[in-house]
Each structure stands twice: as structure tokens, then as C-alpha cells.
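# Summary of structural features
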Amino acid sequence: MQQTTNTILMIRPVSFRMNEQTAVNNYFQEDLKIKNAEINKKAQEEFDAFVDKLRAVGVNVIVENDDELMDTPDSIFPNNWVSFHQNGDVALYPMFAENRRKERRDEVFIRLENEGFKINNIIDYTSAEDEGFFLEGTGSILLDRANDIAYCALSPRADEDLFIEFCEDFEYTPVLFTAYQTVDDKRLPIYHTNVMMCLAETFAVICLDTIDDKKERKSVTSSLEKTNKKIIKITEQQMNHFAGNMLQVKGADDKLYLVMSQAAHESLTPTQIDLIEAHCPIISSSLETIETCGGGSARCMMAEVFLPKG
């Protein structure tokens, strides 16, 4: 199975703002003291510049516009509600925030089919929302597609039983742990796995300091080492600048790139940059408004499309 893809789905925002429903356990979000219309305008400018940078190196970016009537402030992060797989399967995920559930739109699937992609089967986990259980896509789950391993940091947005069910359905070996961040001198669970860890073809960028349990930390590092991933460590402070929220993509001629925000890039040391660039070049773009209000970054904005062409 492929670990990286050339095709990315991105949703252009129309009502982006700080989502009060997600702020309760996303400790990366901050309130900007400017009007929502100005926040959305800045987010659109950052989004468009980011898309331009990806397309400039040959990444196939499919941009779908959000629906203003839905009032979905976090629609810019589609990787939380859907994942697309090489066998034509699509997974739909249960979302913690009620206003994020409206992000799941059939128009997205119609658009992909119009672009020539084939959807064979939709596996729908969303009924778990009725019971108060959640699993937020590739925010919660990091997929080592080539080695059939799935990593998940448990949190209010990543339920253990649901994760195991996903692994059984998609035939992945689960690696479970809890990752913590310090908030007001307390250690609290990090809301999404993909803010503390990134899996690329030949390496992993990870904040091991967030995994407080030594056995769990060893289990994660052992799994990465067994699959021959070079471990590039980042600090919790760097993670707070979204240095864990990266995604490897393919550009023209299948050339690999590691995509991240400007804040993440600037937080890295020259040594860490050298370690990454030994594997592939870096693409970074300023996402300051999106990161501050949304509490998510570059990786969250990209839903990878692995579907077969129909």
C-alpha cells in the first residue's frame, strides 16, 4: 500500500472563526480580538497561498468550497470527518463538536467522482455520536499504510473501542497510547494524535515527551523502529508551534515533500531541519490565523485521497 499520495482534498472556508464547541478540549485554540469576518478573510488568504505552494510543486489539490448556510467554522479541517483508501473504501467518523458534524457533505464525494475517483464502499462510524463516543479521522488515527499499523493517542475525541473497531475493519494493527500536554500546570490529554506525531515513508517526527507512560513510549518507539522509520524528536514547545502537524505528500514525478506551517518550520532547529531534509524537502506556508483560531495546522487541512481512478 502507498504511504503518500499526490492528491489532496482541501475545503476553502467561508465562515471560519474560533469554534467555541471545540475550544473546551483543544488547548491550541486562542481567541483573536478581531471580527469574525476579518478572521475568515485572513484564513482565506492563508488557505489560497498554501494551495498555491502545493500546486507549484505538482501536488494535485482538489479545492471544494464550504457551504455558507451550514455555519461550519472548522470545515477547513476535513481530515477529521473522512478518510479515503486505496481499495475504494471511504470512512466517515463521529465528531465531538455538534457543529462539526455538518461538515460531512455528499457534495465532496460527488466532486471526487467527477474528478475520476472511484468510491466502492462507505464505512460509517457516525452513529457512535449518539452514544457520546468519537474518533476524529486521521486527526485521531495516524496510518502507517505501508505496514498496516495504526497509531492512536486516546482522548475525549479518540475512543479506544471505536479505534479497535476501525483497525479490525481496515485490517490495521493498533498501537494505543495517551499523549499529554501541560495546560495551566496540569497534564491533560492532547486532543489529536496528529499534533504530536507525523508519519512519513522513511521517518517519523514525534514529540515523545508527551507520552508520559514509559511502557507506552517504548511501544511506540519499538513499532517505529521495527518499521525502519528514522525517529526525529521534537519538544513539547515545538509541538505547541504545530511542529508535529506535518504531512508528507507527492509532487510532480512522485517527488516527496514534507508540508508544514511557517510557525512549525521556524520552531525547528537547524539539526532537525537537516534530519528531515535528508529524506525530502520542506514546504511551509504561513497559517497564523488558522492555527490561532482553529487550533489546527497544515496537516489538518489536507485530506489525503488514495481512491482508485474509476
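So, how was this worked out
Residues numbered from 1 in each chain as written. Predicted model: local features only at pLDDT ≥ 70, side-chain atom pairs only at ≥ 80, totals over all residues. Heavy atoms only, no water. Phe/Tyr/Trp six-rings, centres within 6.5 Å; stacked < 30°, edge-to-face > 60°. Helix = DSSP H or I, 4+ residues; strand = E, 2+ residues; numbered from the N terminus. Buried < 20%, exposed > 50% of the residue type's maximum accessible area, 1.4 Å probe, protein only. Pairing = 2+ DSSP bridges. Contact = heavy atoms within 4.5 Å. Axes fitted to C-alpha atoms, helices over the stretch in contact; angles between N-to-C directions. Salt bridge = Lys/Arg side-chain N within 4 Å of Asp/Glu carboxyl O.

Attention now goes to the packing of aromatic side chains. Tallying each qualifying case throughout the model produces 8 aromatic pairs. Pairing Phe166 with Phe170 gives two aromatic rings, centres 4.7 Å apart and planes at 25 degrees, and the pair type is stacked. Placement of both Phe166 and Phe170 in helix α4 (residues 160-170) is noted, with a separation of 4 residues, approximately one turn of the helix. Accessibility classification places Phe166 together with Phe170 in one group, the buried group. When the ring of Phe166 is compared with that of Tyr172, the centres are 6.0 Å apart and the planes differ by 15 degrees; the resulting orientation is stacked.

This next bit is on unusual backbone geometry. Located in the positive-phi region is Glu171, a residue other than glycine, with phi close to 60 degrees. Within the secondary structure, Glu171 sits in the loop between α4 and β8 (173-177). One non-glycine residue with positive phi stands out, namely Phe242, at about 70 degrees. Within the secondary structure, Phe242 sits in the loop between α6 (236-239) and β14 (247-250).

Further remarks concern the pairing of strand β16 (residues 282-285). Burial of β16 is two-sided: the residues Ile282 and Ser284 facing one way and the residues Ile283 and Ser285 facing the other way are all buried. The pairing of strand β15 (residues 256-261) with β16 spans 4 bridges and is parallel. Residue pairing across strands places Met260 opposite Ser284, the latter belonging to β16.

By way of backbone hydrogen bonds, the strands of a sheet pair with one another, either parallel or antiparallel. With mixed pairing, 3 strands are arranged side by side in an open sheet as β2-β1-β17. In this open sheet, the two strands that pair with only one neighbour each are β2 (60-65) and β17 (303-304). In terms of strand pairing, strand β1 (residues 7-12) meets β17 through 2 bridges, oriented antiparallel. Across the sheet, the residue bridging to Ile8 is Glu304, located in β17. Most of the contacts of helix α2 (residues 106-114) go to β2, to which it runs at about 145 degrees, and overall it touches β1 and β2.

One pass over the full model with this rule turns up 13 salt bridges. One salt bridge in this structure joins Glu304 and Arg299, with 2.5 Å as the shortest N-O distance. Since its relative accessible area comes to 10%, Glu304 is described here as buried. Arg299 sits in the buried class, given a relative accessible area of 6%. Connected through shared salt-bridge partners, Glu64, Arg111 and Glu115 make up one network.

Keep in mind that these numbers describe shape and distance, not what the molecule does.
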